[in-house]
Amino acid sequence: MMVTPLDVVKCNIQIAPEKYKNIGTGFGMIIREQGTAGLFKGWLPTLMGYSAQGAFKFGLYEYFVSASCVVRLVVGDMTVAELALVLQATPQPIAHKALLRVPMVPECRRRRMRTLQARRHSRKFFADIALCPFEAVKVKVQTVPGWARGLSDGMPKFIAEEGVGGLFKGLTPLWGRQIPYTMMKFGAFENTVVALYKHVIPKKKEDCSKVEQLGVSFLAGYIAGVFCAAVSHPADNLVSKLNANKSATVSDVVKDMGMWNLATRGLGLRIIMVGTLTGLQWGIYDGEHGTAC
């Protein structure tokens, strides 16, 4: 709910840039026309949608990470033959993670990394199906004044107007937004944590206090969020446009906006929003589980 005003203004800048020209006029226009409450429209479908999506992302991420810790304790100084026997009896996702911890020639390591990435981020395929209906209602509530108050009246009205299939109209661009977003979210975070402890923090992680470790996690999460926003923003514009306009198609939106506007319109607000959320998510997650074994 904290970042809902940023999301409301961002979506309106994306949909009607001639009216909401920048961040300042966007906030001012919405407050004048709809009151302060207008800045919090769509908070419930946002909460419901991202809660369902987050259950997939972080639940399965924890499985992969904890599985890798268990297997890494086993492989130690095993011979290749001994390791092969262990891997044959190990579920494939865990086996692939274990192989990444074992020295191998660069080409083999790259192949294993590609396989792991594909397995790790395939969960987004299903997580975004759960998010998509809520995202469709959220955008409509936020960008069409008077259309609906929120989720309770917005969901049935959307179905009545466009059918159940209309809720999934933006699924393909949503995949185009969320899958690169998640790959960057986890990959950039993990590499940023390593880089911060290696080049910025003057002591090892185990020598830092819990507060210092959480600070590093938040900073690394925020930095990862900036990259997340940048790589996924063109698809975010597509999602907003398609859900706001029943007759819009992907080709119509691309032709109307052009590639530059697809990549930049509303990006500043989204960087603030995504960076903050990602930093907080990783800070909370690290506070519960830690970032590494």
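Before any of the text, the structure's been laid out above.
Residues numbered from 1 in each chain as written. Predicted model: local features only at pLDDT ≥ 70, side-chain atom pairs only at ≥ 80, totals over all residues. Heavy atoms only, no water.

Novice: Before we go on, may I ask you to explain a nonpolar patch on the surface in this structure?
Specialist: Together, Phe-56, Phe-125, Phe-126, Ile-129, Ile-159, Val-164 and Phe-168 line one region of the surface with nonpolar side chains, adding up to about 570 Å² of accessible area. By residue number, the principal contributor to the nonpolar patch is helix H7 (residues 123-143), which donates 3 residues. One can find Val-164 in helix H8 (residues 151-166). (Patch = residues over 30% accessible without salt bridge, like charges linked within 9 Å, V, L, I, M, F, W, Y side chains within 5 Å. Areas by Shrake-Rupley, 256 points an atom, 1.4 Å probe, with all protein chains shown as cover. Salt bridge = Lys/Arg side-chain N within 4 Å of Asp/Glu carboxyl O. Helix = DSSP H or I, 4+ residues; strand = E, 2+ residues; numbered from the N terminus.)

Novice: What am I meant to see in the pattern of salt bridges here?
Specialist: When the charged atoms of two side chains lie near each other, side chains of opposite charge can form a pair. Using the criterion set out here, one finds 12 salt bridges in the structure. The salt bridge involving Lys-10 is made with Asp-236; its shortest N-O contact spans 2.8 Å. With Lys-10 in helix H1 (residues 4-15) and Asp-236 in helix H10 (residues 210-244), this pair connects stretches of sequence that are 226 residues apart. Under the relative-accessibility criterion, Lys-10 is labelled buried at 1%. A salt bridge links Asp-153 to Arg-149, with the nearest nitrogen and oxygen atoms 3.9 Å apart. (Buried < 20%, exposed > 50% of the residue type's maximum accessible area, 1.4 Å probe, protein only.)

Novice: Can you walk me through H8 in this structure?
Specialist: Because an α-helix completes one turn every 3.6 residues, residues spaced three or four positions apart along the sequence face the same direction. Taking 1.5 Å as the rise per residue, H8 with 16 residues should run 22 Å; its terminal C-alpha atoms sit only 15 Å apart, a clear shortfall. Of all bends in H8, the biggest is about 90 degrees, found at Ala-160. Inspection of H8 places Leu-151, Gly-154, Met-155, Phe-158, Glu-162 and Gly-166 among the buried residues, and these make up the whole buried set. (Expected span 1.5 Å × (residues − 1). Bend = angle between axes of the 7 residues up to and from the residue.)

Novice: Please explain the packing of aromatic side chains as it appears in this structure.
Specialist: Aromatic ring pairs: the centre-centre distance and the angle between the two ring planes describe each pair. Evaluation of the coordinates by the stated rule reveals 4 aromatic pairs. Between Trp-147 and Phe-158, the aromatic rings sit 6.2 Å apart at their centres with planes inclined by 85 degrees, giving edge-to-face as the arrangement. Here Phe-158 lies in helix H8 and Trp-147 lies in the loop between H7 and H8, a separation of 11 residues in the sequence. Looking at Phe-158, the relative accessible area reads 1%, which means it is buried. (Phe/Tyr/Trp six-rings, centres within 6.5 Å; stacked < 30°, edge-to-face > 60°.)

Novice: Just checking my understanding: could you explain the packing of H10 against helix H11 (residues 250-264) for this structure?
Specialist: Packed helices, taken two at a time, are described by the angle their axes make and the gap between the axes. Where H10 contacts H11, the two axes come as close as 9 Å, and the packing angle between them is 140 degrees. Relative to H11, the element H10 is oriented oblique. Helix-helix and strand crossings are classified by hand; for H10 and H11 the assignment is right-handed. Note on element contacts: H11 touches H10 through Val-250, Val-253, Val-254, Asp-256, Met-257, Asn-261, Leu-262, Ala-263 and Thr-264, opposite His-233, Pro-234, Asn-237, Leu-238, Lys-241 and Leu-242. Residues belonging to the contact of H10 with H11 are distributed by class as follows: 9 nonpolar, 4 polar and 2 charged. (Axes fitted to C-alpha atoms, helices over the stretch in contact; angles between N-to-C directions. Parallel < 35°, antiparallel > 145°, perpendicular 65-115°, else oblique. Left-handed = near helix turned anticlockwise from the far one by under 90°. Contact = heavy atoms within 4.5 Å. Nonpolar A, V, L, I, M, F, W, Y, C, P; charged D, E, K, R; others polar.)

Novice: What should I look at first to understand the layout of surface pockets in this one?
Specialist: In this structure, the largest pocket encloses a volume near 750 Å³. Lining the largest pocket are 30 residues; nearest its centre among them are Val-3, Thr-46, Tyr-50, Leu-277 and Gln-281. Only H1, helix H3 (43-75), H7, helix H9 (171-200) and helix H12 (267-289) provide two or more residues apiece to the lining of the largest pocket. Ranked by residues supplied to the lining of the largest pocket, first place goes to H3 with 9 residues. (1 Å grid on protein atoms, 1.4 Å probe; cavity = no way out; pocket = protein on both sides within 12 Å on 5 of 7 lines; lining within 4 Å. Points joined across faces, edges and corners; volume = space filled by probe spheres on them.)

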